[in-house]
Structures are given as structure tokens and as C-alpha cells.
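# Structural overview
Now for the letters of each chain:
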Amino acid sequence: MAVTRTFSIIKPDATRRNLTGGVTKMLEEAGLRVVASKRIHLTKDQAEGFYGVHRERPFFGDLVKFMTSGPVVVQVLEGEDAVKRNRDIMGATNPANADEGTIRKVYAESIEANSVHGSDSDENAAIEIAFFFKPDEVVG
Ligand code: IDP
Ligand code: MG
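## What to know about helix α4 (residues 60-67)
Along α4, the positions that sit buried rather than exposed are Phe 60, Leu 63, Val 64, Phe 66 and Met 67. Along the axis of α4, the buried positions cluster into a sector of 160°, meaning they face one direction only.

## What about the pairing of strand β3 (residues 72-80)?
Counting buried positions along β3 gives 8 out of 9 residues, so the element sits mostly inside the fold. In terms of strand pairing, strand β1 (residues 3-10) meets β3 through 8 bridges, oriented antiparallel. Among the inter-strand pairings, Ile 10 is bridged to a residue of β3, identified as Val 73. In this structure, strand β2 (residues 33-40) lies alongside β3, joined through 7 bridges in antiparallel fashion. Looking across to β3, one finds that Ala 36 is bridged to Val 76.

The rules behind these values
Residues numbered from 1 in each chain as written. Chains lettered and ligands numbered in written order. Predicted model: local features only at pLDDT ≥ 70, side-chain atom pairs only at ≥ 80, totals over all residues. Heavy atoms only, no water. Buried < 20%, exposed > 50% of the residue type's maximum accessible area, 1.4 Å probe, protein only. Helix = DSSP H or I, 4+ residues; strand = E, 2+ residues; numbered from the N terminus. Arc of directions from axis to C-beta. Pairing = 2+ DSSP bridges.

Interpretation note: all reported values are geometric properties and have no functional meaning in isolation.
Structure follows, in C-alpha cells:
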């Protein structure tokens, strides 16, 4: 299995509850290495651009409001099959459907305030990493 990278966001519901360390510990224990990390407050433009694929969905406006409601921690994660490994430890979008031991099962508040984002493909991971990090900010 190849070592690859994925993009993660620790969302405002998690930073608000001081769970940056708790979430990161679960990512690391799942075999992912944090090779870039910064705490930022997303602008409305950034959130709309980042979630552009969901623009037509009914929850888009609320999602942008939520993602700009407080600080987030954007991260690049590295590991074997990183995209799938991260999606597995994240758990289902709706915490009510998330498996035991996943980040969303342990920490998420709701289908919207679900504590973490993770890229869904290698292609999107590359796009999302480039959205927030310059190449020299990622240190493997
Ligand atoms: P994912 O984060 O598991 O990949 P997506 O379908 O890509 O899920 O949705 C992006 C984000 O939009 C979710 O993580 C969640 O914060 C929010 N979201 C998704 N579906 C709903 C919904 O039905 N109601 C409210 N928010 C939603
Ligand atoms: Mg998604």
C-alpha cells in the first residue's frame, strides 16, 4: 500500500470544545501523521469556495455559517492509503450512523457539526491541500 496524503479540517464545533488534541490523537493512533497544520478562521469566501461542490444542496448556507462560526485547524495527513484510512477513522457523516470508535461517533454533535472534514479521493485531496498550503508548508 502506497503512502499518500489527505486533507483534514478540525471543525468549529471541535475547536470550541477544546478537542484539537483529542481529534489529532485519534488520527495519529489510526496511523496518520500530521505533516502540516494551522489554526485559521475561514472567511465566507473560503468556506463557499471549499464547499463549492455542495452549493446547490439545501444545507449549503448553514454549512458556510457553521464553518465560519469559529476557528478551524486545517491539516495535511500522511499515511498508507491516507484518504481511506482517514475516512475510516472519521466515521459516517451523520454521527447517528457512525461506527463505534470513530471520531464522529465519539465527538460529533450533529450531522452538520460533525467535528471533522476529510477528503473523499486522492484527486480532491491534492486540490484541497493546495487550497490551504504552499508546498514548502508540508513537511513529511
Ligand atoms: P462528509 O463530510 O462526510 O464528506 P459531505 O456529504 O461531503 O459529508 O457533506 C459535507 C458536510 O456538509 C458534512 O460534513 C456536514 O458538515 C454537512 N452536511 C452534510 N449533509 C448534511 C445535512 O443533511 N444537513 C446539514 N449538514 C450536512
Ligand atoms: Mg465530503
